[in-house]
Amino acid sequence: MTQICLKPNTRLAGSVNILVMSRTVTQLTSPGDVRDTWERPLHDLRISVIDRCNYRCPYCMPAEVYGESYKFLSRQHWLTPGEIKRVAGLFMKLGVAKVRITGGEPLLRKDIVDIVSSLSDLPGLDLALTSNGTLLSRRAKELKAAGLRRITISLDSLDEEVFNEMSGGKGDVSTVLEGVEAAHDAGLSPIKLNVVVQKGKNDHTVLDLIDRFRGSNVIVRFIEYMDVGTLNGWRLDEVVTSAELVEQISSRWQLKPAEPNYRGEVASRYLFEDGQGEIGFISSVSEPFCGDCHRARLSADGTIYTCLFAKNGISIREPLRAGASDADLVGLLQNLWRNRIDRYSEQRGKGKTIEKTEDSRIEMYRMGG
Ligand code: SAM
Ligand code: SF4
Ligand code: SF4
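Residues numbered from 1 in each chain as written. Chains lettered and ligands numbered in written order. Predicted model: local features only at pLDDT ≥ 70, side-chain atom pairs only at ≥ 80, totals over all residues. Heavy atoms only, no water.

### Looking at the overall build of the protein chain
Part 1 of the reasoning: Looking only at helices and strands, the protein chain has 12 helices and 12 strands in total.
Part 2 of the reasoning: Across the 369 residues of the protein chain, 55% fall into the buried class.
Part 3 of the reasoning: In the protein chain, of all internal contacts separated by at least 6 residues, the share reaching a separation of at least 24 is 74%.
Part 4 of the reasoning: For the protein chain, the computed accessible surface area is about 16200 Å², with 48% contributed by carbon and sulfur atoms. (Helix = DSSP H or I, 4+ residues; strand = E, 2+ residues; numbered from the N terminus. Buried < 20%, exposed > 50% of the residue type's maximum accessible area, 1.4 Å probe, protein only. Contact = heavy atoms within 4.5 Å. Areas by Shrake-Rupley, 256 points an atom, 1.4 Å probe, with all protein chains shown as cover.)

### As for the confidence of the model for the protein chain
Part 1 of the reasoning: With 87% of its residues at a pLDDT of 70 or more, the protein chain shows a mean pLDDT of 88.
Part 2 of the reasoning: Low confidence marks residues 1-29, where pLDDT is under 50. Its contacts with residues over four positions away, or in another chain, come to 66 contacts.
Part 3 of the reasoning: In the model, residues 350-358 has pLDDT below 50 throughout and makes 19 contacts with residues more than four positions away in sequence or in other chains. (pLDDT = per-residue confidence, 0-100.)

### A word on the site of ligand 3
Part 1 of the reasoning: Around ligand 3, the surrounding shell consists of F289, C290, C293, C307, L308, F309, R340, D342, Y344 and S345.
Part 2 of the reasoning: A class-by-class count of the residues in the shell around ligand 3 yields seven nonpolar, one polar and two charged. (Near = heavy atom within 4 Å. Nonpolar A, V, L, I, M, F, W, Y, C, P; charged D, E, K, R; others polar.)

### Concerning helix α2 (residues 81-93)
Part 1 of the reasoning: Over its 13 residues, α2 extends 19 Å from the first C-alpha to the last, a length consistent with the 18 Å expected when each residue adds 1.5 Å.
Part 2 of the reasoning: P81, E83, I84, V87, A88, G89, L90 and F91 are the residues of α2 that are buried.
Part 3 of the reasoning: Those residues of α2 that are buried lie in contact with β1 (44-48), α3 (112-120), β10 (295-298), β11 (303-305), α9 (317-321) and α10 (326-338).
Part 4 of the reasoning: Within two residues after α2, G95 carries a phi angle of roughly 120°, on the positive side. (Expected span 1.5 Å × (residues − 1).)

### Quick word on the environment of N232
Part 1 of the reasoning: Topologically, N232 is positioned in the loop between β6 (218-224) and α8 (242-250).
Part 2 of the reasoning: Along the primary structure N232 and P62 are separated by 170 residues, whereas in three dimensions their C-alpha atoms are 6.3 Å apart.
Part 3 of the reasoning: From its side chain, N232 meets the backbone oxygen of Y59 in a polar contact 2.9 Å long.
Part 4 of the reasoning: A polar atom in the side chain of N232 sits 3.5 Å from the backbone oxygen of V228. (Polar contact = N/O pair within 3.5 Å; in protein donor to acceptor, adjacent residues only side chain to side chain.)

### Some details on the packing of α2 against α3
Part 1 of the reasoning: Remark: α2 packs on α3, axes separated minimally by 9 Å, with the N-to-C direction vectors making an angle of 30°. For the pair α2 and α3, the sense of crossing is right-handed. Across the interface between the two elements, P81, I84, K85 and A88 from α2 touch D114, I115, S118 and L119 from α3.
Part 2 of the reasoning: Class assignment of the residues belonging to the contact of α2 with α3 gives a composition of five nonpolar, one polar and two charged. (Axes fitted to C-alpha atoms, helices over the stretch in contact; angles between N-to-C directions. Left-handed = near helix turned anticlockwise from the far one by under 90°.)

### Considerations on unusual backbone geometry
Part 1 of the reasoning: In this model, S189 is joined to P190 through a cis peptide bond whose omega is 0°.
Part 2 of the reasoning: Positionally, P190 belongs in the loop between α6 (173-186) and β5 (191-197).
Part 3 of the reasoning: We note that E39 has phi near 65°; this positive angle belongs to a residue other than glycine.
Part 4 of the reasoning: Position of E39 among the secondary structure elements: in the segment before β1.

### Concerning the packing of helix α4 (residues 136-145) against α6
Any two packed helices are characterised by the angle at which their axes cross and by the distance between the axes.
Part 1 of the reasoning: The N-to-C vectors of α4 and α6 enclose an angle of 20°; their axes lie 8 Å apart at closest approach. Taken together, the axes of α4 and α6 lie roughly parallel to each other. In terms of crossing hand, the pair formed by α4 and α6 is right-handed. Facing L136, S137, A140, K141 and K144 of α4, the residues of α6 in contact are E178, G179, A182, A183 and A186. (Parallel < 35°, antiparallel > 145°, perpendicular 65-115°, else oblique.)

### A word on the site of ligand 2
Part 1 of the reasoning: Inspection of the region around ligand 2 gives C53, Y55, C57, Y59, C60, M61, G104 and N132 as its neighbouring residues.
Part 2 of the reasoning: For the shell around ligand 2, a count of residues per class yields six nonpolar, two polar and no charged.

### Notes on a negative patch on the surface
Part 1 of the reasoning: A grouping of D159, E160, E161, E165, D172, E178 and D208 is seen on the molecular surface, where their side chains present a negatively charged patch.
Part 2 of the reasoning: Its place among the elements puts E161 in helix α5 (residues 160-166).
Part 3 of the reasoning: By relative accessible area, which is 68% here, E161 ends up exposed. (Patch = residues over 30% accessible without salt bridge, like charges linked within 9 Å, V, L, I, M, F, W, Y side chains within 5 Å. Salt bridge = Lys/Arg side-chain N within 4 Å of Asp/Glu carboxyl O. Lys, Arg positive; Asp, Glu negative; His and termini not counted. Charge placed at Lys NZ, Arg CZ, Asp CG, Glu CD.)

### Let's talk about the pairing of strand β4 (residues 150-154)
Part 1 of the reasoning: With four of its five residues buried, β4 lies for the most part within the structure.
Part 2 of the reasoning: Relative to β4, strand β3 (residues 126-131) is paired through four bridges, and the arrangement is parallel. Bridge pairing links L129 to I151 in β4.
Part 3 of the reasoning: Between the parallel pair β3 and β4, the chain is carried across by α4, and the sense of this crossover is right-handed.
Part 4 of the reasoning: With four bridges joining them, β4 and β5 adopt parallel strand pairing. Within the sheet, the bridge partner assigned to I153 lies in β5 and is L193. (Pairing = 2+ DSSP bridges. Right-handed = clockwise from strand over helix to strand, strands pointing away.)

### Let's talk about the nonpolar core
Buried together is how nonpolar side chains tend to be arranged in soluble globular proteins.
Part 1 of the reasoning: One finds L119, F222 and I249 to be the most contacted residues of the largest nonpolar core, which totals 111 residues.
Part 2 of the reasoning: Element by element, the count of residues in this core is highest for α6, at seven residues.
Part 3 of the reasoning: L119 has contacts with I47, I84, K85, A88, V99, I101, L125 and L127, leaving out every residue within four places of it along the chain. (Core = buried A, V, L, I, M, F, W, Y, C linked by side-chain atoms within 4.5 Å.)

### Brief notes about the side chain of N202
Part 1 of the reasoning: Looking at the element boundaries, N202 is found in the loop between β5 and α7 (206-213).
Part 2 of the reasoning: Taking the relative accessible area as the measure of exposure, N202 reaches 0% and is therefore buried.
Part 3 of the reasoning: Separated by 3.0 Å, the side chain of N202 and the backbone oxygen of D156 make a polar contact.
Part 4 of the reasoning: A polar side-chain atom of N202 sits 2.8 Å from the main-chain amide nitrogen of Q198.
Part 5 of the reasoning: Setting aside residues no more than four positions away along its own chain, N202 makes contact with D156, S157, V162, M166, V195, V196 and V197.

Structure, rendered in structure tokens:
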């Protein structure tokens, strides 16, 4: 049988760069049994379907650095809905049960409904999508009808001025709120609302967001500002930790910690003591969760990354388009995961700044946030 395999002793994961295809008799363990070097299984897959975006959030795709120089992935390299479905199906053989479609802004892809529809054909898959909400009011019903179950919408502030700045001068609050409403009406529930908190930018507006959504079916989740990619000029002193936020919020509403819904849940949950629902905190900087990280990422051009902070990935598009069999591709994924060593957030140095170098890590909007 033809297997896609690695040269002996090839190191993968955070420094994936040496992949060779060869004919070999290497025996791989059965699918569904894959663990990385830290015994972490593979459960989740983020699929970035596009690296373009209609926002220029300074913490992700800052307009001033981004400029003219950046080249988007070429459309001909984008995986088609059928290819995305095939790759997701292969990941499912190794234990993936949840797929989140993301980007860039996934709703900018004209065939997004076809992508959702293809993926929702995969039996037993928990399918979700993350969007900035700008194009949602006109697509929510179609997405639901195509099989989407849940949606996460990003909205950093209800204050127009603050939000405008945090979307790079592109977003307006009312459009996103219309998207939230449309998602609710379409039955995409529960809706999660992602809020990246940056010190001095929007941290003074978090209580307003909670006030607006408390007691509704929208679960607000605060995300610590992360040092993803190389463009955002991240500084530790711009991070508002979840602990600081919990303290700030508790001065207004009584909170109690809640058990995670499942092992490896990224957000820590807190319930309002008065029964008005819950909020979540994603503490990637102050409390890294690498030990429970069960997630792979697939970019729009079919590159697989095993960490949000990876500098390299491997292409599944090339062997896939060259006619590799499912067994070949499962072997490739198995080998990739088994050699995974990533635990960047746990190793992150305090007080570091990001250097923009040739060999720097992949941007979040490319590999999927
Ligand atoms: N464009 C869509 C959106 O914004 O929802 C999907 C892609 S975006 C990269 C996914 C999530 O990553 C968003 O909720 C965004 O706020 C978050 N994000 C982007 N850059 C981040 C950063 N530097 N730190 C923390 N979260 C970030
Ligand atoms: Fe676009 Fe989302 Fe990045 Fe903002 S966070 S620039 S909306 S991809
Ligand atoms: Fe997972 Fe840790 Fe990498 Fe984040 S830094 S993607 S938690 S391994």
